[in-house]
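# A closer look at the structure
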Amino acid sequence: MSTPTITKGTRRKRGPSPSRFELAPWLLLAPFLALFTLTFILPIIAAIQASFTRITRRGLFGEAGVHSEFAGFGNYAQALGDEAFVASIGRMIVFGIVQVPIMILLCTVLALLLESASAKWPAFFRAAYFLPYGVPGVIATILWSFLYVPGLSPIIDAASAVGLEVDFLGPQSILWSIANIVTWSYTGYNMLIVIAQLKAIPGEIYEAARLDGAGPLRVAWHIQLPLISPALVLTTVFSIIGTLQLFAEAQVLMSVAPAIDSQYTPNLSAYTTAFAYNDYNVAAAQSVLIALAAFALSFAFLRLTNRKSS
């Protein structure tokens, strides 16, 4: 049997080189990576750089120009030396300890009820509970302020009619009035995350539970809750991060609540430092400290949950 010979002018067809296959995913990801770097990575680097920089103006009136120099940890020391800023972080930690578990409990109960076999019109109620999340935080705060301000609030008028004095904007209650707005806004969003996890549970597990005679409460406690724990961890981490980022609600209510000052929350304190005091470098240090606090709290929570699950 003769072997075929390769004549001149004929070439073997070769497939694409391996390098093209390796390069293709990066070409597809290039637009996202460029946008991610431009809008996320570079601002973080700029903020960290600004937090280690001090800007000084030379001359009696600054006519000699602006000079920047390395400040070391001076801006961080000044930020941590601000008692109002440190108090705002502590205030938000207390806020999160109370508000986050209540919101996670509510979204879990709503998700379990809507995904139960006896639920009626689940799609309608899912949309109704999610609707507050579609309302911007500023608009939501303005809407709720009509229920908080004396003379405008029907709740305060009804309480006064029966001899009760209610002050939603007082120093002792304003933090929990803000917590009510946040809970109203984000419970439906977290509920959808939990519902998505519930829908991923195989139907065979429910069938086996029914054959064993398990009722709805037993199914929820022994089957659904353990299987949706990843979603609960995710929503809790999001809520911890969002707690330290609280800004719009406090800023809007500041005009009607004397108990809220310009440094009531960490983000509001950094905003005031930057745009009221024109000290952008200290504000950058405050922003970095807020990010580190959010990372530390989230990391501690994840370590705690992983230790319990193991």
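Residues numbered from 1 in each chain as written. Predicted model: local features only at pLDDT ≥ 70, side-chain atom pairs only at ≥ 80, totals over all residues. Heavy atoms only, no water.

## Regarding the overall build of the chain
Broken down by element type, the chain carries 13 helices and 2 strands. Against the compact-globule benchmark of 19 Å for 310 residues, the chain has a radius of gyration of 28 Å, which places it well outside the compact range. When the backbone C-alpha atoms are referred to their principal axes, the chain occupies close to 110 × 80 × 35 Å. Looking at the 310 residues of the chain, the share that counts as buried comes to 32%. (Helix = DSSP H or I, 4+ residues; strand = E, 2+ residues; numbered from the N terminus. Rg over C-alpha atoms; globule rule 2.2 N^0.38 Å. Buried < 20%, exposed > 50% of the residue type's maximum accessible area, 1.4 Å probe, protein only.)

## With respect to the packing of aromatic side chains
In this structure the tally under the stated criterion is 18 aromatic pairs. Ring geometry for Trp-144 against Trp-184: centres 5.9 Å apart, planes inclined by 75 degrees, an arrangement best described as edge-to-face. With Trp-144 in helix H5 (residues 137–148) and Trp-184 in helix H7 (residues 174–199), the pair connects residues that are 40 residues apart, well separated along the chain. Looking at Trp-144, the relative accessible area reads 18%, which means it is buried. Its relative accessible area of 32% is what places Trp-184 among the partly exposed residues. Counting every residue linked through ring pairs, the aromatic cluster contains Phe-52, Phe-70, Phe-73 and Tyr-76. It is Arg-91 that lies over the ring of Tyr-264; its NZ or CZ is 4.4 Å from the centre. (Phe/Tyr/Trp six-rings, centres within 6.5 Å; stacked < 30°, edge-to-face > 60°. Lys NZ or Arg CZ within 6 Å of the ring centre and 35° of its normal.)

## Let's talk about the packing of H5 against helix H6 (residues 154–161)
Between H5 and H6, the least distance of the axes is 5 Å, while the angle of their chain directions is 15 degrees. It follows from the interaxial angle that H5 and H6 lie roughly parallel. Side by side, H5 and H6 meet where Phe-146, Leu-147 and Tyr-148 of the first sit next to Pro-154, Ile-155 and Ile-156 of the second. Counted by class, the contact of H5 with H6 contains 6 nonpolar, no polar and no charged residues. (Axes fitted to C-alpha atoms, helices over the stretch in contact; angles between N-to-C directions. Parallel < 35°, antiparallel > 145°, perpendicular 65-115°, else oblique. Contact = heavy atoms within 4.5 Å. Nonpolar A, V, L, I, M, F, W, Y, C, P; charged D, E, K, R; others polar.)

## Some thoughts on helix H10 (residues 229–244)
Its 16 residues give H10 an end-to-end C-alpha distance of 23 Å, which sits within 8% of 22 Å, the value for a rise of 1.5 Å per residue. Listed in full, the buried residues belonging to H10 are Ala-231, Leu-232, Thr-235, Thr-236, Val-237, Ser-239, Ile-240, Thr-243 and Leu-244. Next to the buried residues of H10 lie helix H3 (83–114), H7, helix H12 (266–275) and helix H13 (280–309). (Expected span 1.5 Å × (residues − 1).)

## Regarding the environment of Phe-247
Inspection of the secondary structure puts Phe-247 in the loop between H10 and helix H11 (248–253). Owing to a relative accessible area of 24%, Phe-247 belongs among the partly exposed residues under this scheme. Considering only alpha carbons, one finds Phe-247 and Gly-137, 110 residues apart in sequence, at a separation of 9.2 Å. Apart from residues lying up to four places away in sequence, Phe-247 is in contact with Thr-265, Asn-267, Leu-268 and Tyr-271.

## What to know about the pattern of salt bridges
One pass over the structure, following the stated rule, counts 3 salt bridges. For Glu-115, the salt bridge is made with Arg-126, and the minimal N-O distance between the two is 3.3 Å. Of this pair, Glu-115 sits in the loop between H3 and helix H4 (122–130) while Arg-126 is found in helix H4, placing the two residues 11 residues apart along the sequence. Of the residues examined, Glu-115 reaches a relative accessible area of 23% and is grouped as partly exposed. For Lys-199, the salt bridge is made with Glu-115, and the minimal N-O distance between the two is 3.4 Å. Of this pair, Lys-199 sits in helix H7 while Glu-115 is found in the loop between H3 and H4, placing the two residues 84 residues apart along the sequence. A relative accessible area of 52% places Lys-199 in the exposed class. One salt-bridge network, held together by shared partners, links Glu-115, Arg-126 and Lys-199. (Salt bridge = Lys/Arg side-chain N within 4 Å of Asp/Glu carboxyl O.)

## Focus: unusual backbone geometry
Phi at Trp-121 is positive, roughly 50 degrees, even though this residue is not glycine. Mapped onto the fold, Trp-121 is located in the loop between H3 and H4. Exposure remark for Trp-121: the relative accessible area of 64% places this residue in the exposed category. Backbone geometry at Asn-278 places phi at a positive 55 degrees, although glycine is not the residue there. Along the chain, Asn-278 falls in the loop between H12 and H13. Looking at Asn-278, the relative accessible area reads 52%, which means it is exposed.

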